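Spelled out from the first residue to the last, the chains are:
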Amino acid sequence: MATIRSALREYFHVEYQPGERKLVQKIDFFILTFCCLSYFMNYLDRSNLSNAYVSGMQEDLGFVGDQLNVINTCFTVGYVVGQIPANLSLHYVEPRRFFPACMLVWAGLTMVTASARRPQSIMAIRFFQGLAEATTFAGTHYVLGSWYTERELGKRSGIFTASGLAGTMIGGFIQTGIHSSLDGVNGLRGWRWLFIMDGIITLPVALYGFIFFPNTPSTTKAFYLTDSEKALAVSRVPPVEDRSPISWTFFRKTFTSWLFWGFVVLWIIAGETESFSSNALMALYMKSHPTNKYSVAQLNDYPTGVPAVGIVSTLFWATLTDFLNGKRYLVGYFIGITGVATSTMILAASKDPTNPGSTPVVFGAYYWAGAVYACQATFFAWANDALRYEQHMFRAIVLAGMNLGSNAVNAWWSIVFYGASMAPWFTRGMWAMIAVSIVLAIWTAALSYTTSKHGKARREEFTGSSSSVGQHKTATDVEYASEIGADRRCRGGK
């Protein structure tokens, strides 16, 4: 017990350098407010498509079969295509300009969705919306990893991820309010007003980003940071050389790195454990319930419990893994257990679908499944931790690659296993969830072992070289330089 109390005191009592506490407070306010509001709007937009679908859009536009899933796939394709180019762009375009510009584009496309007359129009709009939103998640994790230390990162990643889940949760209540107050105003259905209002409230957040977002420590021009605070911000993270990533050697080293593939595969697997929530299965279950009929308000409000559980789980695991000195891998085991258990509950309920007792079992399973959202913050924080001593753009590509890989698989995964026509039981998807949950636990164990060994070696390397100012180099830096020289000699260059 005394050991636990001692660990808690150590966790909550952080020793800061002179001026560091004030610096952290400033970047917490200006970075987290913009990133959280941006991600909130991002997820508000994504969830509102499902909310609109169950609030009259399906009937008004004549949706048939799995066209809702096809729309989600179009968004995913655009999102995948934009991942790596968007994160590479952060090397050439200031995040203070790039992030808000992308927000303006997706806000405009959201409002244009209100004018759609057929599902095919929304398919085209959502593709370009995916391109515009591509940098929000992975790009923000890159920026967070650039500013925060390993001890600080988990909680900040958790707060950021929770803001997106809040957008999903609040979207249902917003749609309920709009449907009851604006439905029919100026001849527009309530679901059309939802897209208009969603786009309008995104605009001031983009303006805030243009003015206040501080870029990264080495490039910041933020007026609210003093010169000493800017220097302190740079000193808080390993001094890794930042160079232009556009070279054959860089890409070859990146895409043959076990770190790249280790984390990409981790997030491909983990991303599919979120399928219950990301495909709005609870709302589709309710809409196709074998015996019960739910109102529009109930269809929008009841599923908000899923992201609510996700917020609690995210903040809990992000804080706990910080407290446990970065043991992010523990979340992988928790998610594996959750995926197997919740799928089994729904499969059991499907055996007797008209039994009144089956409905609370399914509701409980979907609410519990919301807890798997914890993997977003913790796994991206894990990647940031493991890549802390690597080249900045290598870290950016790994983070983008994680999101790219997951969404590339999800583009067809949701259609194969969670098509809207498979409601209410999604039996094939339940078995798929059990499979990926088991695989996630196995992959987590293997990756935690290899990253632990790698991290220990890298810390020892940097500690050993810290006495020589300006001599900090990554192993990939040394290999990069030697291979550039070899490439030039082969071409007769200098």
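We now turn to the structure provided with this report. Note on numbering: residues in each chain are counted from 1, in written sequence order. Side-chain atom pairs in this predicted model are given and counted only at pLDDT of 80 or more, local residue features only at pLDDT of at least 70, and totals for whole chains, interfaces and linings cover all residues. For the side-chain quantities, the full set of heavy atoms in the structure was used; hydrogens and water were omitted.

Notes on the packing of aromatic side chains
Any pair of Phe, Tyr and Trp rings, taking the six-membered ring for Trp, is counted once the centres come within 6.5 Å. Such a pair is stacked with planes under 30 degrees apart, edge-to-face with planes over 60 apart, and tilted for the rest. This structure, assessed with the given rule, holds 39 aromatic pairs. Relative to Phe63, the ring of Tyr53 lies with its centre 5.3 Å away and its plane at 90°, an arrangement referred to as edge-to-face. You can see Tyr53 sitting in helix H2 (residues 20–61) and its partner Phe63 sitting in the loop between H2 and helix H3 (67–89), a full ten residues away along the chain. When a residue's accessible area, from a 1.4 Å probe over protein chains only, is under 20% of the maximum for its type it is buried; when over 50% it is exposed; and in between it is partly exposed. The class of Tyr53 is buried, set by a relative accessible area of 5%. The class for Phe63 is buried, based on a relative accessible area of 8%. A ring pair is formed by Tyr329 and Tyr333, whose centres lie 6.3 Å apart and whose planes are at 70°; its orientation type is edge-to-face. Classification of Tyr329 as partly exposed rests on a relative accessible area of 24%. The helix and strand labels rest on DSSP assignments: H or I over at least four residues marks a helix, E over at least two residues marks a strand, and numbering proceeds from the N terminus.

Here we look at the layout of surface pockets
A pocket, in this scheme, is an open set of points on a 1 Å grid over the protein atoms alone with protein on both sides within 12 Å along at least 5 of 7 lines, while a cavity is a set where a 1.4 Å probe fits but cannot get out; residues line either one if an atom lies within 4 Å of a point. Grid points are joined across faces, edges and corners, and a volume is the space filled by probe spheres set on the points. The computed volume of the largest pocket comes to approximately 460 Å³. Contributing to the lining of the largest pocket are 17 residues, with Glu150, Asn325, Gly326, Asp385 and Arg459 lying nearest its centre. Among the elements of the structure, helix H7 (150–181), helix H18 (374–386) and helix H20 (427–465) are those that each provide at least two residues to the lining of the largest pocket. Looking at which element gives the most residues to the lining of the largest pocket, the answer is H20, with five residues. A breakdown of the residues in the lining of the largest pocket according to their chemical character gives four nonpolar, six polar and seven charged. Residue type decides the class: Asp, Glu, Lys and Arg count as charged, Ala, Val, Leu, Ile, Met, Phe, Trp, Tyr, Cys and Pro as nonpolar, and the leftover types, Gly among them, as polar.

Some remarks on empty space enclosed by the protein
Overall, the coordinates contain four cavities of 30 Å³ or more when judged by the stated rule. Lining the largest cavity are 47 residues, with Tyr43, Ser277, Ser278, Asn279 and Tyr373 positioned closest to its centre. Tallying contributions element by element places H2 first for the lining of the largest cavity, with eight residues. Residues of the lining of the largest cavity, tallied by class, amount to 22 nonpolar, 21 polar and four charged.

Describing the side chain of Thr76
Following the sequence through the fold, Thr76 ends up in helix H3. For Thr76, a relative accessible area of 6% corresponds to the buried category. Two residues qualify as a contact provided that any one of their heavy atoms is within 4.5 Å of a heavy atom in the partner residue. Beyond its immediate chain neighbours, meaning those up to four positions away, Thr76 contacts Asn407 and Ala411.

Structural notes on helix H11 (residues 258–272)
Helix span, expected: 1.5 Å multiplied by one less than the number of residues in the helix. Here H11 spans 21 Å end to end across 15 residues, near enough to the 21 Å set by a 1.5 Å rise per residue. Burial analysis of H11 places eleven of its 15 residues in the buried class, the great majority of the element. Taken as a whole, H11 has its buried residues at Leu259, Phe260, Gly262, Phe263, Val264, Leu266, Trp267, Ile269, Ala270, Gly271 and Glu272.

Details of a nonpolar patch on the surface
Patches in this entry comprise residues that are over 30% relatively accessible and not in a salt bridge; like charges within 9 Å are linked, as are nonpolar side chains (Val, Leu, Ile, Met, Phe, Trp, Tyr) within 5 Å. Note on areas: Shrake-Rupley with a 1.4 Å probe; residue coverage comes only from the protein chains shown. A pairing counts as a salt bridge when a side-chain nitrogen of Lys or Arg comes within 4 Å of a carboxyl oxygen of Asp or Glu. Together, Val77, Val81, Phe128 and Leu131 make up a nonpolar patch on the protein surface, roughly 330 Å² of accessible area in all. If you list the elements that add at least two residues to the nonpolar patch, you get H3 and helix H5 (119–133). Along the chain, Val77 falls in helix H3.

So, the pattern of salt bridges
Using the criterion set out here, one finds 14 salt bridges in the structure. For Glu20, the salt bridge identified is with Arg236, shortest N-O distance 2.6 Å. Of this pair, Glu20 sits in helix H2 while Arg236 is found in the loop between helix H9 (227–235) and helix H10 (248–255), placing the two residues 216 residues apart along the sequence. We classify Arg236 as buried; its relative accessible area is 9%. Measuring nitrogen to oxygen at the nearest pair gives 2.9 Å for the salt bridge that ties Arg156 to Asp28. Taken together, the residues Arg156 in helix H7 and Asp28 in helix H2 connect sequence positions 128 residues apart. It is possible to trace a salt-bridge network through shared partners that takes in Lys155, Asp322, Arg328, Asp385 and Arg388.

Some details on the environment of Ala270
By the secondary structure assignment, Ala270 is in helix H11. On the basis of relative accessibility, which here comes to 0%, the residue Ala270 falls in the buried class. Measuring from C-alpha to C-alpha, the distance between Ala270 and Ser406 comes to 8.1 Å, with 136 residues separating the pair along the chain. Sequence-distant contacts of Ala270, that is, excluding residues within four places in its chain, are made with Cys375, Phe379 and Leu440.

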